[in-house]
Amino acid sequence: HLNSCEIDNSAKGCEAFTNGKGWSVANNISNNIKPLGISSRKICSTPYYTKNIKGNTVLFELGFINNDKEIENIISNEDAIVDAIVDGIIAGIK
């Protein structure tokens, strides 16, 4: 999933929204993608997310679709990012 903001190229980094045991998964993914040049903005839960999303879940926003440099980085590192996400999920559910 990709995020967006009102002003092009003004925001960057990943964000994760989670609840339950999803905190571990979100933290692992965030740490795994840092070496690929994607900074972490936050890992959090919101009242809406907690109330409406059940179970152990993570909504991971990989970056900002309207940040040209970030999209270039995501596209050029696509396979490594996929591996980092998969490894973060596996480590978080063990």
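Residues numbered from 1 in each chain as written. Predicted model: local features only at pLDDT ≥ 70, side-chain atom pairs only at ≥ 80, totals over all residues. Heavy atoms only, no water.

A. Representation of the layout of surface pockets. Considered as a void within the structure, the largest pocket measures approximately 180 Å³ in volume. Considering the residues around the largest pocket, the lining is formed by K21, G22, V25, I29, N56, T57, V58, F60, I85, I89, G92 and I93. Where the lining of the largest pocket is concerned, the elements lending two or more residues are α1 (22–33), β3 (57–61) and α4 (78–93). If you tally residues by element for the lining of the largest pocket, the top one is α4, at four residues. For the lining of the largest pocket, a count of residues per class yields seven nonpolar, four polar and one charged. (1 Å grid on protein atoms, 1.4 Å probe; cavity = no way out; pocket = protein on both sides within 12 Å on 5 of 7 lines; lining within 4 Å. Points joined across faces, edges and corners; volume = space filled by probe spheres on them. Helix = DSSP H or I, 4+ residues; strand = E, 2+ residues; numbered from the N terminus. Nonpolar A, V, L, I, M, F, W, Y, C, P; charged D, E, K, R; others polar.)

B. Representation of α4 within the structure. Compared with the 22 Å implied by 1.5 Å per residue over 16 residues, the 23 Å span of α4 between its first and last C-alpha is a close match. If you check which residues of α4 are buried, you get I81, A84, G88 and G92. The buried side chains of α4 occupy one side of the element, clustering within an arc of 60° when seen end-on. Within α4, the exposed residues directed more than 90 degrees away from the buried face are D79 and I93. (Expected span 1.5 Å × (residues − 1). Buried < 20%, exposed > 50% of the residue type's maximum accessible area, 1.4 Å probe, protein only. Arc of directions from axis to C-beta.)

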